[in-house]
Amino acid sequence: MAGKKQGTFISDLQKEFAGYNGGKLAKDIVAGLTVAAVALPLALAFAVSCGADAASGIITAIFSGLIIGALGGASFQISGPTGTMAGVLLIVVANHGHEGVLIVTFLAGIIRILAGVLKVGALVSYIPIPVVTGFTAGVAIIIATGQINSFFGTVSEGVTILERLFSYTRLGFNIDWLSVLFGGFVIALMLLWPKKLNERLPSTLLALIVTMIAQIILDLPVAEVGHIPRSIIGEQRLNLLALPWKNLGVYISPSISIAALGMVESLLCGTYAEKMKGEKFHATRELYAQGIGNMIIPLFGGIPATAAIARTSVAIRAGQQTRLTSIFHSIALIASVFFLAPFLSRVPLAALAGVLLVTAWRMNDWKSIKQIFSKRMKTSIAQFSITLVATVVFDLTTAILLGIGFSIVMFVIKSNKITIEIDPVTNRLGKKAKPTKVVYVDGALFFGSQGKLTEAIAPLIESGVKRILLSLRGVPNIDHSSITELAEIVRLARKKEVELLFCGVQPRVESMLRRLDFYSLLPEERFYPSVVVALETIAKEV
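Going along each chain's sequence as written, the residues are numbered from 1 onward. The predicted nature of this model means local features are confined to residues of pLDDT at least 70 and side-chain atom pairs, given and counted, to a pLDDT of 80 or more, with totals for whole chains, interfaces and linings taken over all residues. Side-chain numbers here rest on the full set of heavy atoms in the structure, without hydrogens or water.

Visitor: Give me the lowdown on the overall build of the protein, citing residues and values where you can.
Guide: For helices the rule is a DSSP run of H or I covering at least 4 residues; for strands it is a run of E covering at least 2, with both sets numbered from the N terminus onward. A tally of helices and strands in the protein yields 22 helices and seven strands. Principal-axis analysis of the C-alpha atoms places the extent of the protein at approximately 105 × 65 × 55 Å. The buried label applies to any residue whose accessible area, calculated with a 1.4 Å probe on protein chains only, is under 20% of its type's maximum; exposed applies above 50%, and partly exposed to all values in between. By the burial criterion, 49% of the 542 residues in the protein qualify as buried. Counting only contacts in the protein whose residues sit at least 6 apart along the sequence, the fraction spanning at least 24 positions is 81%. Only the protein chains shown count as cover for residues, and the accessible areas themselves come from Shrake-Rupley with a 1.4 Å probe. Total accessible area on the protein is roughly 25400 Å²; 63% of this is exposed by carbon and sulfur atoms. In the protein, the 49 positive side-chain charges and the 34 negative ones have mean positions that sit 5 Å from each other. Any two residues whose heavy atoms approach within 4.5 Å are treated as being in contact. Working convention for charge: Lys and Arg count positive, Asp and Glu count negative, and His plus the chain ends are omitted. Working definition for charges: the position is that of NZ of Lys, CZ of Arg, CG of Asp or CD of Glu.

What follows is the structure, encoded as structure tokens:
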């Protein structure tokens, strides 16, 4: 089996690089440099927003581009640190320090590999769109509120959003206007920079360069990124031999959260980008790549990585041809570490806060949000709102589970609406025929609709009808609860000496009835392929 998977990967690589030439190489290099220009400021910003140092963000972007990019489920995926993880990682940093982030990253990598083995990638497609939209909006709020201190130059205390916001009432909210000036400039530049120019010179990179140069020249008293070593190996990195095995249990919950978030984001990114590129995306292979990458990255001092929609879409629009684009993007980042580290350390944190505030705004799917509320889709509004609030108030994994759980409940409520119609047919069978009625059932019979059949048929049995034809042609599925209900109806009919016939039983329903020995309650001749056949047979007997 492993050989078959490996062969598939190799054959996909051969197909990907078939006809590869100098022209395609040039496009990959250009796309890689373009993505690096976008990734550099985001890597710095997302690392700082997670409570880590800026260097760990660049290290993450470098190794995720090399490892995950090379092994990924498609040629176009660009991975790196993202803001989605910020909410969980801030809590991990507060409780366990940077070492905790490294351990959680490693464990989350193992979980993603297990998810690949279990082939859970396909489950992402079952997450309702309003849940994903609400989750994304919640993450955007987490990112934005996490930048209040850096943008305004203020100080807060606490781990959760609510704790930090309420701490301002006690600590005060003293604004540093120089920080606001830097952050405001970045926001204005990113919003006003023409889209045509953005393709050649990303606004995030330009904002980073301008604020960095301004701070170097003016040396203003504002918080800066701080020391960035000229190395691709972080000063703090994971030592597997020194893992706290006795206390490893405290890292399981955040690891599951990080793994789940990474899986959702990377698989959604792949699903979105495969439509842009017109190339098949392999979800299971992507999970393996994400898992391997996240197990290796903390050994060099990096934080969790996942595929990023923004960077991936930039790569495709820039002319990306193969997965070499991801590798060239990493090479460009390595060059920036060795040649630009002293300058990058002078970037004001307020400038990175401005980048993240605009990113948080843009990451929302405003088209879907507008559609949900303008069309007044009550269920979708509830799904969106519950997931958003849970993301902000609780943790991200809880939010997704609550959103999906609510969606399942609403589906069950809507699906229990079965249609039951009763048709008296005695006159069609002749004067000597028994009082006969046909009961047509339309819809799935399961625990959610339990009791409705009894409510319709029991009064018929008690009314003096001597024969009931129960048509199940419109029933595509049935579960254990409904079969038990049917058995009780059969017993009631037998007690009242009412002849009960079944018509048009679908193959799936018949299979379930046989598995639960329902046919032992009635002879085979009580089952007919259709109501028409049953009526014709009864008419001949009369």
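Visitor: Residue-level account of the pattern of salt bridges, with values.
Guide: Put simply, a salt bridge is a Lys or Arg side-chain nitrogen that is within 4 Å of an Asp or Glu carboxyl oxygen. Going through the model one piece at a time under the given rule, you end up with eleven salt bridges. The salt bridge partner of Glu 224 is Arg 346, with a shortest N-O separation of 3.0 Å. Of this pair, Glu 224 sits in the loop between helix H10 (203–218) and helix H11 (252–277) while Arg 346 is found in the loop between helix H14 (324–344) and helix H15 (349–362), placing the two residues 122 residues apart along the sequence. Judged by its relative accessible area of 21%, Arg 346 is partly exposed.

Visitor: So what about the environment of Ala 70? Which residues, and what values?
Guide: Within the element layout of this structure, Ala 70 appears in helix H3 (residues 54–71). Classification of Ala 70 as partly exposed rests on a relative accessible area of 24%. The spacing of Ala 70 and Ile 327 is 257 residues in sequence and 7.3 Å in space, taken between C-alpha atoms. Apart from the residues lying within four places of it in its own chain, the contact partners of Ala 70 are Phe 9, Gly 65, Arg 323 and Ile 327.

Visitor: Go over the pairing of strand S6 (residues 499–503), please, and point to the residues and values.
Guide: For S6, the tally of buried residues reaches four of five residues, placing the bulk of the element in the interior. Paired strands are those between which DSSP finds at least two bridges. With five bridges connecting them, strand S5 (residues 467–474) and S6 associate as parallel partners. Each residue of the ladder has a partner; that of Ser 471, found in S6, is Cys 503. For a crossover, the right-handed case is the one in which the path from the first strand over the helix to the second runs clockwise, viewed with the strands pointing away from the viewer. Tracing the backbone out of S5, into helix H20 (residues 480–495) and back to the parallel element S6 gives a crossover that is right-handed. Of the pairings in the sheet, the one linking S6 to strand S7 (residues 527–528) comprises two bridges and is parallel in character.

Visitor: Would you mind going over the sheet that holds S6 in detail, with residue names and values included?
Guide: Across the sheet, five strands lie side by side as S3-S4-S5-S6-S7; this open sheet has mixed pairing. Where the open sheet ends on each side, the last strands, each with one partner, are strand S3 (419–424) and S7. Against the sheet, helix H19 (residues 452–462) makes contact with S3, strand S4 (436–442) and S5, and its axis sits at roughly 15 degrees relative to S3, the strand it touches most. Axis angles are defined between N-to-C directions and span 0 to 180 degrees, where every axis is a line fitted to C-alpha atoms and, for a helix, only to the segment in contact. Running over the sheet, helix H22 (residues 531–541) touches S4, S5, S6 and S7 and is turned about 155 degrees from S5.

Visitor: Go over the pairing of S4, please, and point to the residues and values.
Guide: For S3 and S4, the ladder comprises six bridges, and the chain directions are antiparallel. Among the inter-strand pairings, Glu 421 is bridged to a residue of S4, identified as Tyr 440. The sheet contact formed by S4 and S5 spans six bridges and is parallel. Bridge pairing in S5 places Val 439 opposite Leu 470. For the segment spanning S4, H19 and S5, crossover handedness is right-handed.

Visitor: Please set out the nonpolar core residue by residue, giving values where relevant.
Guide: Core analysis: the largest hydrophobic core is formed by 88 residues, its most contacted members being Leu 44, Ile 228, Leu 344 and Leu 352. With twelve residues, the top contributor of residues to this core is helix H4 (residues 86–117). Every residue in contact with Leu 344, bar those within four places of it in the chain, is listed here: Leu 40, Leu 44, Ile 58, Leu 208, Met 212, Val 225, Ile 228 and Ser 336. Nonpolar cores are built from buried Ala, Val, Leu, Ile, Met, Phe, Trp, Tyr and Cys residues. Side-chain atoms within 4.5 Å join them into one set.

Visitor: Any chance you could break down the environment of Val 532 for me, citing the residues and the numbers?
Guide: Tracing the chain through its elements places Val 532 in helix H22. Classification of Val 532 by relative accessible area gives exposed; the value is 53%. In this structure, the C-alpha to C-alpha distance between Val 532 and Cys 503, residues 29 residues apart in sequence, is 8.9 Å.

Visitor: Lay out the side chain of Gln 77 with the relevant residues and their values.
Guide: Looking at the secondary structure, you find Gln 77 in the loop between H3 and strand S1 (79–80). Taking the relative accessible area as the measure of exposure, Gln 77 reaches 3% and is therefore buried.

Visitor: Which residues make up unusual backbone geometry, and what are the values?
Guide: Unlike most non-glycine residues, Arg 376 shows phi in positive territory, near 55 degrees. We note that Asp 517 has phi near 60 degrees; this positive angle belongs to a residue other than glycine. Within the secondary structure, Asp 517 sits in the loop between helix H21 (507–515) and S7.

Visitor: Would you mind going over the packing of aromatic side chains in detail, with residue names and values included?
Guide: Any pair of Phe, Tyr and Trp rings, taking the six-membered ring for Trp, is counted once the centres come within 6.5 Å. Such a pair is stacked with planes under 30 degrees apart, edge-to-face with planes over 60 apart, and tilted for the rest. For the coordinates displayed, the defined rule picks out ten aromatic pairs. Between Phe 151 and Phe 152, the ring centres sit 4.9 Å apart and the planes meet at 75 degrees, which makes this aromatic pair edge-to-face. Assessed through its relative accessible area of 9%, Phe 151 is described here as buried. Seen from their ring centres, Phe 373 and Phe 384 are 5.6 Å apart, and the 90 degrees between their planes marks the pair as edge-to-face. Residue Phe 373 is located in helix H16 (residues 366–374), and its partner Phe 384 is located in helix H17 (residues 378–393); the two are separated by eleven residues in the primary sequence. On the basis of relative accessibility, which here comes to 38%, the residue Phe 373 falls in the partly exposed class.

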